[in-house]
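Here are the chains, one letter per residue:
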Amino acid sequence: MYVDGSCQGNPCNAGFGGLLRDAMGTWIHGFYGDIGQTDITKEELLAILNGLKIAWERNLDNVLCVLDSMHALSIFNTFFHLPFICFICFFYADNFLFS
């Protein structure tokens, strides 16, 4: 799963997107969203959340999540901050790897 966000300024009107591929690189599903006025960190974390929801709904496991935000990764790995982090951590415990 590859996720990324787009934001100009901070706070900003933000959007996110991502895609899921299988182990061979074949496209499985793409997604995007417009989340309005927010900051870059929330936008990156929402990209992760939406990608994980899709992976969960499609019964995918052993998902590798690739993102370019060290700050979002740091927040995620320390299990604090935004309310939906707890929801993401549920997935992180068993079937997902972040880099």
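Source: prediction; values computed, not measured.

This brings us to the overall build of the chain. Helix and strand counts for the chain stand at 3 helices and 5 strands. Written out in order from the N terminus, the α and β elements of the chain read β-β-β-α-β-α-α-β. Buried residues in the chain amount to 41% of all 99 residues. Across the chain, the fraction of contacts at a sequence separation of at least 24, relative to all contacts at a separation of at least 6, is 58%. Split by element, the accessible area of the chain, about 5800 Å² in all, is 55% carbon and sulfur.

Let us now look at helix H1 (residues 40-57). For an α-helix, the turn length of 3.6 residues means that residues three or four places apart are oriented alike. Over its 18 residues, H1 extends 26 Å from the first C-alpha to the last, a length consistent with the 26 Å expected when each residue adds 1.5 Å. Along H1, the positions that sit buried rather than exposed are Thr41, Glu43, Glu44, Leu45, Leu46, Ala47, Ile48, Leu49, Gly51, Leu52, Ile54 and Ala55. Asn59 sits one or two residues past H1 and shows a positive phi near 55°.

Judged by nonpolar contacts, the single largest core of 19 residues is most densely connected at Met1, Val3, Leu20, Phe31, Ile48, Cys65 and Leu67. Sorting the residues of this core by element identifies strand E2 (12-21), H1, strand E4 (63-65) and helix H2 (70-78) as the ones contributing at least two each. Sorting elements by how many residues they give to this core places H1 first, with 8 residues. If near-sequence neighbours (up to four positions away) are discounted, Val3 is found in contact with Gly17, Gly18, Phe31, Ala47, Ile48, Cys65, Val66 and Leu67.

Strand order in this open sheet of 3 strands is E1-E2-E3, and the pairing throughout is antiparallel. The sheet is open, and its two edges are formed by strand E1 (2-7) and strand E3 (27-38), each paired on a single side. Taken pair by pair, the neighbouring strands of this sheet meet at an average axis angle of 15°, ignoring direction. Taken together, the 6 bridges between E1 and E2 define a ladder with antiparallel strand orientation. Opposite Cys7, over in E2, you have Ala14 as the bridge partner.

Tracing the chain through its elements places Leu73 in helix H2. Judged by relative accessible area, which is 11%, Leu73 ranks as buried. For the pair Leu73 and Glu44, spaced 29 residues apart in sequence, the C-alpha to C-alpha distance is 9.1 Å.

Thresholds applied
Residues numbered from 1 in each chain as written. Predicted model: local features only at pLDDT ≥ 70, side-chain atom pairs only at ≥ 80, totals over all residues. Heavy atoms only, no water. Helix = DSSP H or I, 4+ residues; strand = E, 2+ residues; numbered from the N terminus. Buried < 20%, exposed > 50% of the residue type's maximum accessible area, 1.4 Å probe, protein only. Contact = heavy atoms within 4.5 Å. Areas by Shrake-Rupley, 256 points an atom, 1.4 Å probe, with all protein chains shown as cover. Expected span 1.5 Å × (residues − 1). Core = buried A, V, L, I, M, F, W, Y, C linked by side-chain atoms within 4.5 Å. Pairing = 2+ DSSP bridges. Axes fitted to C-alpha atoms, helices over the stretch in contact; angles between N-to-C directions.

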